[in-house]
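Structure assessment
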Amino acid sequence: MAAGWEPRPSTEADGVEWRPALDVPPPGQQRRWTVFLRWLLLLPQFIVVAVLSFAAFFVTVAGWFSALVLGRLPDPIASFLGSVLAYQTRVTASATLLVDRYPPFAFDAPDYPVRIELRATPLNRLAVLFRLILMIPAAIVVGLAQSGWFAISWVFWLIGIVLGRLPEPVFGATAAVVRFRMRLAAYVTMLTPVYPKGFLGDAPDAASQPAYSATRPLRLSTAAQVLLWLFLLLGLAGHVTSGSIDYDDAGDDRPDAAAAPVAAPVGGRLSSLESAVGQ
């Protein structure tokens, strides 16, 4: 994560809109036993992330009121939320098999291979006011993509155990989901004024820039992009299936029964929104 929170330009030197960046090293060999036990090994980290997310929710609320008044996040709030986001992203990268190295129990991890870069830029007060509404389309994409990835994550897990690494398309598609989720969380917590973009990788002009890491710029192969669409379709199928009507229910003519199929998908989306706020 970028050090310091002095105001910086929201665009690059060439005028291109700057977005929160994720740096992950290229896919490399991983220890098969750590792949096999990855989520079990990360249980302590998941607990820490849950506690930090709980605290970040209330700090985000305080930041929202502050941003409405100041047009920016106060430095202490921005520093805390940025540190939490960096911590969460490191754990997510490890959990999704992007890296083999165990994430440290620390906010500051300059030697860890997964890093994010944030810039403290001024915020549009009107966009801050309607942030929870504006975030809905991106939150839906993140929710569907994550659901689809989890649906077939066991296949990636088996591949990782057999090969000791992730194939490039799997690595690229997974990194794209992790990066888009990070960008959504940065937008929701007002760490950036830029709406989440780049789900299918970086545009050709950005992809032509010198590479800082495997994900900056994020150049996705056709196979990786096909996997991303598969994630979305599987996530959508899962939500549709979970919200389907049970016509065998003898009481399906009651008002509460008729409302159930509507409440299920809406509830799922609300869960995704709450998850994004806590990220």
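Located above this text is the structure these notes cover.
Residues numbered from 1 in each chain as written. Predicted model: local features only at pLDDT ≥ 70, side-chain atom pairs only at ≥ 80, totals over all residues. Heavy atoms only, no water.

Quick notes on the packing of helix 7 (residues 136-151) against helix 9 (residues 168-188)
Our working definition: A fitted line through C-alpha atoms represents every axis, and for helices the fit uses only the stretch in contact; the resulting angles, taken between N-to-C directions, go from 0 to 180 degrees. The way it works is that DSSP assigns letters per residue, a run of H or I at least four long becomes a helix, a run of E at least two long becomes a strand, and they are numbered from the N terminus. Should the near helix be turned anticlockwise from the far one by less than a right angle, the crossing is left-handed, and should it be turned clockwise, the crossing is right-handed. In what follows, a contact means two residues having at least one pair of non-hydrogen atoms within 4.5 Å. Polar here means any residue outside two lists: the nonpolar Ala, Val, Leu, Ile, Met, Phe, Trp, Tyr, Cys and Pro, and the charged Asp, Glu, Lys and Arg; Gly therefore counts as polar.
Two elements in contact, helix 7 and helix 9, have axes separated by 10 Å at closest approach and are oriented at 145°. For the crossing formed where helix 7 meets helix 9, the hand is left-handed. Facing helix 7, whose interface residues are Ala 138, Ala 139, Val 141, Val 142, Ala 145, Gln 146 and Trp 149, helix 9 presents Thr 174, Val 177, Phe 180, Arg 181 and Leu 184. Considered class by class, the residues forming the contact of helix 7 with helix 9 number nine nonpolar, two polar and one charged.

Concerning helix 11 (residues 222-242)
Rules: Under the convention used throughout, the expected extent of a helix is 1.5 Å for every residue step, that is, one less than its residue count. Burial classification: accessible surface area is computed with a 1.4 Å probe over protein chains only, and a residue below 20% of its type maximum counts as buried, one above 50% as exposed, and the rest as partly exposed. Directions are taken from the helix axis to each C-beta atom, and the arc is the one they span.
Between its first and last C-alpha atoms helix 11 spans 30 Å; for 21 residues at 1.5 Å apiece the expected length is 30 Å, and the two agree. Residues Ala 224, Leu 227, Leu 228, Phe 231, Leu 232 and Gly 235 constitute the buried set of helix 11. Take helix 11 and look down its axis: the buried residues cluster within an arc of 140°, on one side only. When the buried face of helix 11 is taken as reference, the exposed residues oriented beyond 90 degrees from it are Thr 222, Val 226, Leu 233, Val 240 and Thr 241. The inward-facing, buried residues of helix 11 contact helix 7, helix 8 (153-163) and helix 9.

Quick word on the packing of aromatic side chains
What counts, and what does not: Stacked, edge-to-face and tilted labels apply to pairs of Phe, Tyr and Trp rings (six-membered ring for Trp) whose centres lie within 6.5 Å, assigned for plane angles under 30 degrees, over 60, and everything in between, in that order. The criterion is that NZ of a Lys, or CZ of an Arg, lies within 6 Å of the ring centre and within 35 degrees of the ring normal, and then a charge sits over that ring.
One pass over the structure, following the stated rule, counts 13 aromatic pairs. Their ring planes at 70° and their centres at 6.1 Å tell us that Phe 156 and Phe 231 sit as a pair that is edge-to-face. You can see Phe 156 sitting in helix 8 and its partner Phe 231 sitting in helix 11, a full 75 residues away along the chain. Phe 156 sits in the buried class, given a relative accessible area of 5%. Put simply, the rings of Trp 39, Trp 149, Phe 150, Phe 156 and Phe 231 pair up and form one aromatic cluster. When the ring centre of Tyr 212 is taken as origin, the NZ or CZ atom of Arg 216, which lies over that ring, is 5.2 Å away.

Some remarks on the pattern of salt bridges
Note the threshold: Here, a salt bridge means any Lys or Arg side-chain nitrogen found within 4 Å of an Asp or Glu carboxyl oxygen.
Within this structure, the stated rule accounts for six salt bridges. A salt bridge links Asp 100 to Arg 38, with the shortest nitrogen-to-oxygen separation between them at 2.9 Å. With Asp 100 in the loop between helix 4 (75-95) and strand 2 (115-117) and Arg 38 in helix 2 (residues 38-41), this residue pair connects regions lying 62 residues apart in the sequence. Comparing Asp 100 with Arg 38, the two get one shared label, buried. As a salt-bridge pair, Glu 117 and Arg 216 come within 2.9 Å of each other at their nearest N and O atoms.

Regarding the side chain of Arg 90
Stated precisely, the cut-off is as follows: The convention is simple: Lys and Arg are positive, Asp and Glu are negative, and His and the chain ends are not counted. Throughout this description, a polar contact denotes any pair of N or O atoms lying within 3.5 Å of each other; where both atoms belong to protein, one of them has to be capable of donating a hydrogen while the other can accept it, and for residues adjacent in sequence the pair is counted only when both atoms sit in side chains.
Considering the arrangement of structural elements, one finds Arg 90 in helix 4. Summary of buried charges: Arg 90 has no salt-bridge partner, and the nearest side chain of opposite charge, Asp 108, is 6.8 Å away. Polar contacts involving the side chain of Arg 90 include one to the main-chain carbonyl oxygen of Ala 106, which spans 2.5 Å. If near-sequence neighbours (up to four positions away) are discounted, Arg 90 is found in contact with Pro 103, Pro 104, Ala 106, Phe 107, Ala 109, Tyr 112 and Val 114.

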